[in-house]
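Chain by chain, the residues run as shown.
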Amino acid sequence: MPNSHRIHLVQGDITKVHTEAIVNAANSSLLGGGGVDGAIHRAGGPAILEACRAIVARQGGCNTGEAVITTGGNLPANYVIHTVGPVWQGGSKGEPELLANCYRNSLLLAAQNGVKSIAFPNISTGVYGYPKDQAAKIAVETVQAYLQQHAFPQEVSFVVFDADNLALYQKLLKKTD
Ligand code: ADP
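In the nomenclature of an unreviewed UniProt entry, the chain is known as O-acetyl-ADP-ribose deacetylase of Nibribacter koreensis.

As structure tokens, then:
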């Protein structure tokens, strides 16, 4: 696959990653939560929450599958792109399309802001309960399809936190080497 060199797999804490933007698996209130959301706000400091509050005041939060962009505050990343993943409800409530929208809309927003490199966590696979294998397949396929058609962002990293996701992404990305 011609674009496989633009995709990277990293295991670890996304708040430490040095891409130009990192993606947050936020909730629709944009006012912080647990998991990766909590970690990003803790590490990035109050400027991120302040920027989220301004977005809430303007547009009243963020719908599932959509994305908004803020400063990266004290993070190594310049920007945080906050996207709201679907809560897993069995798979017949539009979850696959909504999860794909998270990846696509985050990439489009990054491109609109001239972002060259972006890192994604495994959206919806924590508290939101999306089966990890299905979520990984959607993430990889959606990013690959996007990269076929767009020059920006130039580089996309998947940041996996746990061993299950590491194995799943290794397998999916190997197929396209
Ligand atoms: P969601 O509500 O979308 O399920 P969670 O934050 O609960 O979001 O989990 C999403 C994924 O992020 C999970 O796979 C979780 O293991 C992972 N995660 C949690 N903390 C971090 C972190 N600091 N860096 C990267 N990934 C993380």
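Next comes the rest of the description.
1. Quick word on the overall build of the chain
Looking only at helices and strands, one finds five helices and six strands in the chain. In the chain, the order of α-helices and β-strands from amino to carboxyl end is β-β-α-α-β-β-α-β-α-β-α. By the compact-globule yardstick of 16 Å for 177 residues, the chain fits well, its C-alpha radius of gyration being 15 Å. In terms of principal-axis extent, the alpha carbons of the chain reach across some 45 × 35 × 30 Å. When each of the 177 residues of the chain is scored for burial, the buried share is 44%. In the chain, the share of contacts with a sequence separation of at least 24, taken over all contacts with a separation of at least 6, comes to 73%.

2. Notes on the environment of A67
Tracing the chain through its elements places A67 in strand β3 (residues 67–71). For A67, a count of 23 C-beta atoms within 10 Å gives the class buried. Along the chain, A67 and K171 lie 104 residues apart, while their C-alpha atoms are 28 Å from each other. For A67, the contacting residues outside a window of four places in its chain are I81, H82, T83, C102, N105, S106 and L109.

3. Some words on the site of the ligand
Near the ligand there are 21 residues, and of these A25, G35, G126, Y128 and F161 occur at the shortest range. Here the element with the most residues in the shell around the ligand is helix α1 (residues 35–44); it accounts for four residues. Here the shell around the ligand is built from residues that sort into 10 nonpolar, eight polar and three charged.

4. A word on the sheet that holds strand β5 (residues 117–120)
Across the sheet, which stays open at both edges, the six strands sit in the order β1-β6-β5-β2-β4-β3 with mixed pairing between neighbours. Among the strands making up the open sheet, the edge pair consists of β1 (7–11) and β3. Ignoring which end each strand starts from, the neighbouring axes of this sheet average 25 degrees apart. Note: β5 against strand β6 (residues 155–160), four bridges, orientation parallel. Paired with I118 across the strands is V156, a residue of β6. In this fold helix α3 (residues 95–112) packs onto β2 (21–26), β3, β4 (79–84) and β5, with an angle of close to 150 degrees to the strand it touches most, β4.

5. Thoughts on the nonpolar core
A21, I22, I81, I118, A119, F120 and A139 are the most contacted members of the largest nonpolar core, which totals 50 residues. Setting aside residues up to four positions removed in sequence, F120 forms contacts with V23, Y103, A139, F158 and V159.

Each value, and the rule that gives it
- Residues numbered from 1 in each chain as written.
- Predicted model: local features only at pLDDT ≥ 70, side-chain atom pairs only at ≥ 80, totals over all residues.
- Helix = DSSP H or I, 4+ residues; strand = E, 2+ residues; numbered from the N terminus.
- Rg over C-alpha atoms; globule rule 2.2 N^0.38 Å.
- Buried ≥ 20, exposed ≤ 12 C-beta atoms within 10 Å, placed from the backbone.
- Contact = placed C-beta atoms within 7 Å.
- Near = placed C-beta within 6 Å.
- Nonpolar A, V, L, I, M, F, W, Y, C, P; charged D, E, K, R; others polar.
- Pairing = 2+ DSSP bridges.
- Axes fitted to C-alpha atoms, helices over the stretch in contact; angles between N-to-C directions.
- Core = buried A, V, L, I, M, F, W, Y, C linked by C-beta atoms within 7 Å.

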